[in-house]
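What the coordinates show
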Amino acid sequence: IPNLNTKQLGRTIDYYTTCESTQIIAADKAREGAPHGTVVIAEEQTDGRGRLDRSWNSTANKGIWMSVIIRPAISPQFAAQFTLVSAVAITQAIQEVTNLTPEIKWPNDILINGKKVTGILTELQADMDIVHSIIIGIGVNVNQELSAFEESIQKTATSLKIENGEEIDRSLLAAKILYYLEKYGDLYVENGFKPIKILWESHNCTIGKRIRATTLRETLEGVALGITNDGVLEIKLDSGEIRGVYSADIHLLGK
Ligand code: BTN
């Protein structure tokens, strides 16, 4: 990756023209002891994975499909916030490389004009009270044309090129993502969640909106009040009851 301006992230790179999933390769490498900051990146994935066991469409040569292995000195209970750290980092990078204004939908989808351009999948390798590694899988739709998206998802998914009409330098964007991931990752480890929370809130499009949250157990509808210091989303239900969700699929229902 030319333009790389990091201390450690991306200093070891494992590059594939095609592979099944960078996330699977990175998980194996992490178990084998790959150093902090190792990046597995591919031009194409034949079996890209999304959250909740979904597949992730990874068209050849059009996106950024990468998994970053980090080994932060934190305890496992603080690992989940790294998805929010990543969302902030990617938002910042997209904003700098394009002139678009991305928004974060809790917890970590990045939207442009209401459509998803980026997905983040984080996996934790830990034992009891120590984090061995966190694997941050990042998929950014960069240079796809509209025709790359099936008609059924054109209302909900997009690419940076579709939104700003110009081809984007993928390696420059990848370098910026790694730069901000390192910067905000270090900030989180050193200063805790507060500064990240402020950044996350300034880019988010969920708080204050009426939402439907589908968790593994139930569906909740109400107004998103905010996130806690643990990154938990608090929802005020119509009954007035306030509920916190750790993980869910969110639909924005408008005002
Ligand atoms: C989501 O469901 O929103 C998360 C999508 C994550 C996709 C990325 S692409 C690089 C890495 N490899 C995978 O198989 N998935 C992640």
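Once a new chain begins, its residue numbering starts again from 1 and follows that chain's sequence as written. Selection of residues for local features in this predicted model requires a pLDDT of at least 70, selection of side-chain atom pairs for listing and counting requires 80 or more, and totals for whole chains, interfaces and linings are taken over all residues.

1. Here we look at the sheet that holds strand S1 (residues 13-16)
Where we set the bar: Any two strands with at least two DSSP bridges between them are considered paired. By definition, any uninterrupted DSSP run of H or I lasting at least four residues is a helix, any uninterrupted run of E lasting at least two residues is a strand, and each is numbered from the N terminus. To define axes, lines are fitted to C-alpha atoms, for helices over the stretch in contact only, and angles between the resulting N-to-C directions are given on a 0 to 180 degree scale. Remark: residues whose backbone-derived C-beta atoms lie within 7 Å of one another are considered to be in contact.
Strand order across the open sheet formed by seven strands is S1-S2-S3-S7-S6-S5-S4, with mixed pairing between neighbours. Unpaired on one side and paired on the other, S1 and strand S4 (103-105) mark the two borders of the sheet. For this sheet the average axis-to-axis angle between neighbouring strands, irrespective of direction, equals 20°. Here 10 bridges tie strand S6 (residues 115-127) to strand S7 (residues 130-141), and the two strands are oriented antiparallel to one another. Paired with Leu121 across the two strands is Gly137, which belongs to S7. The sheet strands contacting helix H1 (residues 22-31) are S1, strand S2 (39-42), strand S3 (63-70), S6 and S7, and the helix crosses S3 at an angle near 20°.

2. Digging into the UniProt feature "binding site: biotin" (unreviewed entry) in the protein
We count it as follows: UniProt positions are given in the numbering used here, feature names are shortened, and annotations may be inferred rather than shown by experiment. Remark: C-beta atoms are placed from the backbone, and a residue is labelled buried if 20 or more other C-beta atoms sit within 10 Å of its own, exposed if 12 or fewer do, or partly exposed between those counts.
On the UniProt side, "binding site: biotin" (unreviewed entry) is annotated at positions that read Gln45, Arg49, Gly50, Arg51 and Lys116 here. Structurally, Gln45 can be placed in the loop between S2 and S3. Assessed through the 25 C-beta atoms surrounding it within 10 Å, Gln45 is described here as buried. Beyond its immediate stretch of four places on either side in the chain, Gln45 contacts Cys19, Glu20, Ser21, Thr22, Ser58 and Trp65. One can find Gly50 in the loop between S2 and S3. Beyond its immediate stretch of four places on either side in the chain, Gly50 contacts Ser55, Trp56, Gly119 and Leu121.

3. Here's the deal with the site of the ligand
The test is simple: Should the C-beta atom of a residue, placed from the backbone, lie within 6 Å of a molecule or strand, that residue is near it. Ten residue types, Ala, Val, Leu, Ile, Met, Phe, Trp, Tyr, Cys and Pro, are classed as nonpolar, four, Asp, Glu, Lys and Arg, as charged, and the remainder, Gly among them, as polar.
Around the ligand, the structure places 20 residues, and the nearest of them are Ser21, Gly50, Gly119, Gly137 and Gly139. Every element with two or more residues in the shell around the ligand is listed here: H1, S3, S6 and S7. For the shell around the ligand, the class distribution of residues is six nonpolar, 11 polar and three charged.

4. Side note on the domain arrangement of the protein
Quick note on the threshold: These domain limits were set by an automatic method or by a database of domain assignments.
When the domains of the protein are assigned, the result is domain 1 (13-203) and domain 2 (210-252). Once you take the C-alpha centre of each, domain 1 and domain 2 turn out to be 23 Å apart. Listed as interface residues are eight residues of domain 1 and, on the opposing side, seven residues of domain 2. Per-class residue counts for the side of domain 1 that touches domain 2 are five nonpolar, one polar and two charged.

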